[in-house]
Amino acid sequence: CKFDYQAAPDLLKGRIILVTGAGDGIGKAAAKAYAAHGATVILVGRTIKKLEAVYDEIEAAGGAQPAIFPLNFESATYKDYGEMATLLEEEFGRLDGILHNAGILGSITPVEAYNPQMWEQVMQVNFNSALLMTQALLSLLQKSEDASLIFTSSSVGRKGRAFWGAYSISKFATEGLVEILADELENVSAIRVNSLNPGATRTAMRQLAFPGEDPRTLRTAEEIMGTYLYLMGPDSKGVSGQKLNAQPI
Ligand code: NDP
């Protein structure tokens, strides 16, 4: 575990890093933390206003000029990810990291009663979109000397729990993809692939899942950034196929 990891100020200097769900919650904190450590961040998400606000905060803090890439993972197709790859190739020529972070909770419901459309929607946003984006962008990651792919998991992606339905399954699928990719890329590329469970964090999604909880008892997204920085930067070279936690659970 790397809860207390202290990142060098220039840890990510010159790196090009894409963050999904960068407009809010953990993704927003990660985009800002990566930029504060020298990265040029590509902010991907569905609400342009939120992405613009993060863009402004990064610029105001003196970070490298970010890029905004609006995309709705519910409706994006393989073609959209292909176009994304072409644009990023033209603009940056390579990618040094992706944090797959965007996600939705869906319903907290027994499997028997789970609405199938909702199930599909959760799988689409939490898993299929990350798979399609990775397929499209892998060749850009291959052009980096030291690339890191981080997929966001959850405690319920490592052990099933009643009523967590599609959300839980989408995270199990994510863990599976991490194992497969890490195995496929070992020895043949400089890309490491890991899963990261943020643990209970003070965001809108957590509040939705646990409405009775006092958010002040939870760590903020800013407080769990150590492992996000560690996994994205060169100190985690050689670490691949691992399941990490961003805070004690
Ligand atoms: P938030 O709900 O605060 O943020 C989720 C982000 O994903 C938002 O930026 C949101 O954009 C984006 N997003 C949602 N749907 C789409 C879509 N269809 N297309 C594009 N972007 C989308 O969640 P958290 O920050 O709490 O969660 C981040 C990740 O961490 C998720 O993968 C979650 O499963 C995981 N996680 C969180 C925990 C916690 O305690 N918070 C615990 C365990 C795991 P917009 O704001 O525009 O809707």
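You'll find the structure just up there.
Rules behind the numbers
Residues numbered from 1 in each chain as written. Predicted model: local features only at pLDDT ≥ 70, side-chain atom pairs only at ≥ 80, totals over all residues. Heavy atoms only, no water. Core = buried A, V, L, I, M, F, W, Y, C linked by side-chain atoms within 4.5 Å. Buried < 20%, exposed > 50% of the residue type's maximum accessible area, 1.4 Å probe, protein only. Helix = DSSP H or I, 4+ residues; strand = E, 2+ residues; numbered from the N terminus. Contact = heavy atoms within 4.5 Å. Pairing = 2+ DSSP bridges. Axes fitted to C-alpha atoms, helices over the stretch in contact; angles between N-to-C directions. Near = heavy atom within 4 Å. Polar contact = N/O pair within 3.5 Å; in protein donor to acceptor, adjacent residues only side chain to side chain. Areas by Shrake-Rupley, 256 points an atom, 1.4 Å probe, with all protein chains shown as cover. Right-handed = clockwise from strand over helix to strand, strands pointing away. Parallel < 35°, antiparallel > 145°, perpendicular 65-115°, else oblique. Left-handed = near helix turned anticlockwise from the far one by under 90°. Nonpolar A, V, L, I, M, F, W, Y, C, P; charged D, E, K, R; others polar.

A few points about the nonpolar core
Logical step 1: Judged by nonpolar contacts, the single largest core of 40 residues is most densely connected at Leu18, Met84, Leu95 and Leu137.
Logical step 2: Every element with two or more residues in this core is listed here: strand S1 (16–20), strand S2 (40–45), helix H3 (78–92), helix H4 (116–142), strand S5 (147–152), helix H5 (165–185) and strand S6 (191–197).
Logical step 3: A per-element tally of this core places H4 first, with 12 residues.
Logical step 4: Once residues lying within four places of it in the same chain are set aside, the contact partners of leucine 95 are Ile16, Leu18, Ile42, Leu88, Leu137, Leu140, Leu141, Ser144 and Ala147.

Quick word on the sheet that holds strand S3 (residues 67–70)
Logical step 1: Ordered by their spatial adjacency, 7 strands build an open sheet running S3-S2-S1-S4-S5-S6-S7, and the pairing between neighbours is parallel. The open sheet is flanked by S3 and strand S7 (243–245), the only strands paired with a single partner. Looking at each pair of strands side by side, their axes are set apart by 20° on average, direction ignored.
Logical step 2: Where S1 lies against strand S4 (residues 97–100), 3 bridges are found, and the strand directions are parallel. Each bridged residue has a counterpart across the sheet, and for leucine 18 the counterpart in S4 is isoleucine 98.
Logical step 3: Where H3 meets the sheet, it contacts S1, S2 and S3, and its direction lies at approximately 160° from that of S2.

Overview of the site of the ligand
Logical step 1: Taken together, 31 residues sit near the ligand, with Thr47, Lys50, Asn101, Tyr167 and Thr203 positioned nearest.
Logical step 2: Residue lysine 50 places a side-chain N or O atom 2.6 Å away from an oxygen atom belonging to the ligand.
Logical step 3: Tyrosine 167 is positioned with one of its side-chain polar atoms (N or O) 2.5 Å from an oxygen atom of the ligand.
Logical step 4: In isolation the ligand offers 900 Å² of accessible surface; the protein chains occlude 93% of this area.
Logical step 5: Within the residue set of the shell around the ligand, elements represented by two or more residues are helix H1 (25–36), H5 and helix H6 (204–209).

What about the pairing of S2?
Logical step 1: Burial of S2 is extensive: 6 of the 6 residues sit out of reach of the surface.
Logical step 2: Side-chain alternation along S2 places Thr40, Ile42 and Val44 on one buried face and Val41, Leu43 and Gly45 on a second face that is also buried.
Logical step 3: Pairing of S1 with S2, which is carried by 5 bridges, proceeds in the parallel orientation. Looking across to S2, one finds that valine 19 is bridged to leucine 43.
Logical step 4: Handedness of the β-α-β unit built from S1, H1 and S2 comes out right-handed.
Logical step 5: At this point the chain moves from S2, through helix H2 (residues 48–60), to the parallel S3, and the crossover so formed is right-handed.

Re the environment of tryptophan 119
Logical step 1: Relative to the helices and strands, tryptophan 119 is located in helix H4.
Logical step 2: Distance from tryptophan 119 to arginine 158, taken between C-alpha atoms, is 19 Å for residues 39 residues apart in sequence.
Logical step 3: Sequence-distant contacts of tryptophan 119, that is, excluding residues within four places in its chain, are made with Tyr114, Gly165, Ala166 and Ile169.

Overview of the side chain of threonine 134
Logical step 1: For threonine 134, the position within the fold is in helix H4.
Logical step 2: If we skip the residues at most four places from it in the chain, threonine 134 touches His100, Leu149, Phe151 and Leu181.

Comments concerning the packing of H1 against H2
Logical step 1: Interaxial distance between H1 and H2 falls to 10 Å at its minimum, and their mutual angle equals 25°. Judged on the interaxial angle alone, H2 and H1 are roughly parallel. Crossing geometry of H1 relative to H2 is assigned as right-handed. Between H1, through Lys28, Ala31, Lys32 and Ala35, and H2, the contact on the second element is made entirely by Val54, Glu57 and Ile58.
Logical step 2: Among the residues forming the contact of H1 with H2, the class breakdown is 4 nonpolar, no polar and 3 charged.

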